[in-house]
Amino acid sequence: MSNQKNQLPGWAIFPAALVLIIGILVGVYNKIFSKESTAIQYKEVAGVLKVEAKLDLVIPPRTNDAIAGGEKLYSQVCAACHGQDLKGGVGPNLIDNEWRNPPGKETHLFKLVWNGIPNGNPPMPAKGGRSDLTSEQIWQILYYISSKNKNIEKDAVPNQ
Ligand code: HEC
């Protein structure tokens, strides 16, 4: 009884442990991905704090092969909603210069495709619903779209 006033309540261990675990996770992710990526996201999913590393800074060279690969992937994943001719369908036209989610530059469009457009009308699923698409494949698709739409600002800086 004599010490009771100085003791922390038992539940205090949970926030303390959570802070410690998050600290360790952030440290480890920073260490592993420091060269590749500076973007680390925190997401609250069903009350659980999730640390997500984004490797979106791996940008492939803009070669003819990359563009051809992007065309194939576009047909398989994106054409159903944006049209084989990129002129739109359920999703908007991608070869005009009107953007529901501006600006029309590659780095911004990458983020839209990677994350999807959850607030869209209708929403667009992340990666067009193909969750196994890599960042490199999405860049290839964007190089293909840019090759068809000269209005898009080519601000991607390929990794050396
Ligand atoms: C299930 C349908 C669907 C698929 C598949 C899909 N999209 Fe979309 N996309 C949409 C819709 C709907 C919007 C518009 C959302 C809004 O209202 O802002 C959109 C918006 C976009 C935009 C922004 C256009 C603007 O005007 O702001 C880009 C860029 C885009 N999609 C690229 C892609 C690419 C690349 C793929 C393939 C990897 C893809 N989409 C697959 C439905 C789709």
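Our subject in this report is the structure included herewith.

Criteria and cut-off values
- Along each chain, residues carry numbers from 1 onward, in the same order as the chain's sequence is written.
- Two thresholds apply to this predicted model, a pLDDT of at least 70 for residue-level local features and 80 or more for giving and counting side-chain atom pairs, whereas whole-chain, interface and lining totals are computed over all residues.
- The basis for every side-chain value is the complete set of non-hydrogen atoms in the structure, without hydrogens or water.
- In plain words, nonpolar cores are sets of buried Ala, Val, Leu, Ile, Met, Phe, Trp, Tyr and Cys residues tied together by side-chain atoms within 4.5 Å.
- Summary of the burial criterion: residues with accessible area below 20% of their type's maximum are buried, those above 50% are exposed, and those between are partly exposed, where the area comes from a 1.4 Å probe applied to protein chains only.
- Helix numbers and strand numbers start at the N terminus; a helix is a DSSP run of H or I with at least 4 residues, a strand a run of E with at least 2.
- Residues are treated as being in contact if the distance between any of their heavy atoms lies within 4.5 Å.
- We call a residue near a molecule or strand as soon as one heavy atom of that residue lies within 4 Å of the molecule or strand.
- Identification of polar contacts relies on pairs of N or O atoms within 3.5 Å, with a donor-acceptor requirement for protein atoms, meaning one able to donate a hydrogen and the other able to accept it, and with residues adjacent in sequence counted only if both atoms are side-chain atoms.
- Residue polarity is assigned by list, with Asp, Glu, Lys and Arg as charged and Ala, Val, Leu, Ile, Met, Phe, Trp, Tyr, Cys and Pro as nonpolar; anything else, Gly included, falls into the polar class.

Here we look at the nonpolar core
Side chains of a nonpolar character, in soluble globular proteins, are inclined to be buried together.
Thought 1: Counting 25 residues, the largest nonpolar core has Tyr74, Trp139, Ile141, Leu142, Tyr143 and Ile145 as its most contacted members.
Thought 2: Within the residue set of this core, elements represented by two or more residues are α2 (64-82), α3 (106-115) and α4 (135-148).
Thought 3: Contact partners of Tyr143, with chain neighbours within four places excluded, come to Ile59, Pro60, Pro61, Arg62, Ala66, Ile67, Glu106, Ala156 and Pro158.

Some points on the site of the ligand
Thought 1: Around the ligand there are 25 residues in total, and Cys78, Cys81, His82, Asn101 and Met124 lie nearest to it.
Thought 2: His82 is positioned with one of its side-chain polar atoms (N or O) 2.8 Å from a nitrogen atom of the ligand.
Thought 3: In the environment of the ligand, an oxygen atom lies 2.9 Å from a nitrogen or oxygen atom belonging to the backbone of Asn121.
Thought 4: For the shell around the ligand, the secondary-structure elements that each account for two or more residues are α2, α3 and α4.
Thought 5: When residues of the shell around the ligand are assigned to their parent elements, the largest contribution, four residues, is made by α2.
Thought 6: Tallied by class, the residues present in the shell around the ligand amount to 17 nonpolar, six polar and two charged.

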